[in-house]
Amino acid sequence: MVDRNAGTEAEDALQTAAGQVKDAARSMADNVTTASSAAYDQGSELVAKAPGSALIMAGIVGFALGVILTKGSQSPRNSLRQYYDRYSR
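Predicted model, so just to flag it, every value in this text is computed and none were measured.

### Comments concerning the overall build of the protein
- A tally of helices and strands in the protein yields three helices and zero strands.
- Its C-alpha atoms give the protein a radius of gyration of 30 Å, more than 25% over the compact-globule value 12 Å for 89 residues.
- In terms of principal-axis extent, the alpha carbons of the protein reach across some 95 × 50 × 10 Å.
- Working note: accessible area of the protein is about 8,300 Å², and carbon and sulfur atoms make up 61% of it.
- Separation of charge centres in the protein, based on 9 positive and 9 negative side chains, amounts to 29 Å.

Below you can see the structure in the form of structure tokens.
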């Protein structure tokens, strides 16, 4: 025979654990929101102080990302020797 108290105790324990997980996730989301807001504010201050440097850094980061993301998607280039052999005949 199954003890009905054991079933309700297990349900209560699961609900308690689920509540703790939900609270932890909410707390973590609040921490991420606070940190990202602070980083945005700090970045805005840096751009206001030195807009030229910020523009150069954005260009460098964009160029680097472009190189990284397109690496391997381009066909390999022919060497100068291959051009010479093909067109020197």
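### What to know about a nonpolar patch on the surface
- Taken together, the side chains of I56, M57, I60, V61, L65, I68 and L69 define a hydrophobic patch exposed on the protein surface, amounting to about 740 Å² of accessible area.
- For L69, the location among the structural elements is in helix α2 (residues 51–70).

### Concerning α2
- Compared with an ideal rise of 1.5 Å per residue, which puts 20 residues at 28 Å, α2 spans 28 Å between its outermost C-alpha atoms and is within 8% of the ideal.
- Taken from the residues just after α2, G72 is the one with a positive phi, measuring 90°.

### Thoughts on the environment of A54
- You can see A54 is positioned in helix α2.
- With relative accessibility at 25%, the residue A54 sits in the partly exposed group.
- When the C-alpha atoms of A54 and A10 are compared, they prove to be 56 Å apart, with 44 residues separating the residues in sequence.

### Notes on the pattern of salt bridges
- All told, the structure shown has one salt bridge when counted by the stated rule.
- One salt bridge in this structure joins D23 and R26, with 3.7 Å as the shortest N-O distance. With D23 and R26 both in helix α1 (residues 4–49), this residue pair falls three residues apart, about one helical turn.
- For D23, a relative accessible area of 48% puts it in the partly exposed group.

### Focus on the environment of S88
- If you trace the backbone, S88 turns up in the segment after α3 (80–87).
- A residue is classified by how much of its surface remains accessible, and S88, at 42% relative accessible area, is partly exposed.
- With 70 residues separating them along the chain, S88 and A18 place their C-alpha atoms 75 Å apart.

Definitions and limits used
The residue count restarts for each chain, going from 1 along the sequence in the order it is written. At least 70 in pLDDT is required for a residue's local features to be given in this predicted model, at least 80 for side-chain atom pairs to be given and counted, and no such filter applies to totals for whole chains, interfaces and linings, which use all residues. Each side-chain value is derived from all of the structure's non-hydrogen atoms; neither hydrogens nor water enter the calculation. Put simply, DSSP marks the helices as runs of H or I at least four residues long and the strands as runs of E at least two long, and each gets a number from the N terminus on. Only C-alpha atoms enter the radius of gyration; for comparison, a globular chain is expected to reach 2.2 Å times N to the power 0.38, where N is the number of residues. Using the Shrake-Rupley algorithm and a 1.4 Å probe, accessible areas are obtained, with residue cover drawn only from the displayed protein chains. For the purpose of charge, His is not counted, nor are the chain termini; Lys and Arg are scored as positive and Asp and Glu as negative. In plain terms, the charge of a residue is placed at NZ if it is Lys, CZ if Arg, CG if Asp and CD if Glu. A residue counts toward a patch only above 30% relative accessible area and without a salt bridge, and it is joined to like-charged neighbours within 9 Å or, for Val, Leu, Ile, Met, Phe, Trp and Tyr, to nonpolar neighbours within 5 Å. Should a side-chain nitrogen of Lys or Arg be within 4 Å of a carboxyl oxygen of Asp or Glu, the pair is scored as a salt bridge. Each helix should span, by expectation, one fewer than its residue count multiplied by 1.5 Å. Think of it in three bands: residues with accessible area under 20% of the maximum for their type are buried, residues over 50% are exposed, and the middle band is partly exposed, with areas taken using a 1.4 Å probe on protein chains only.

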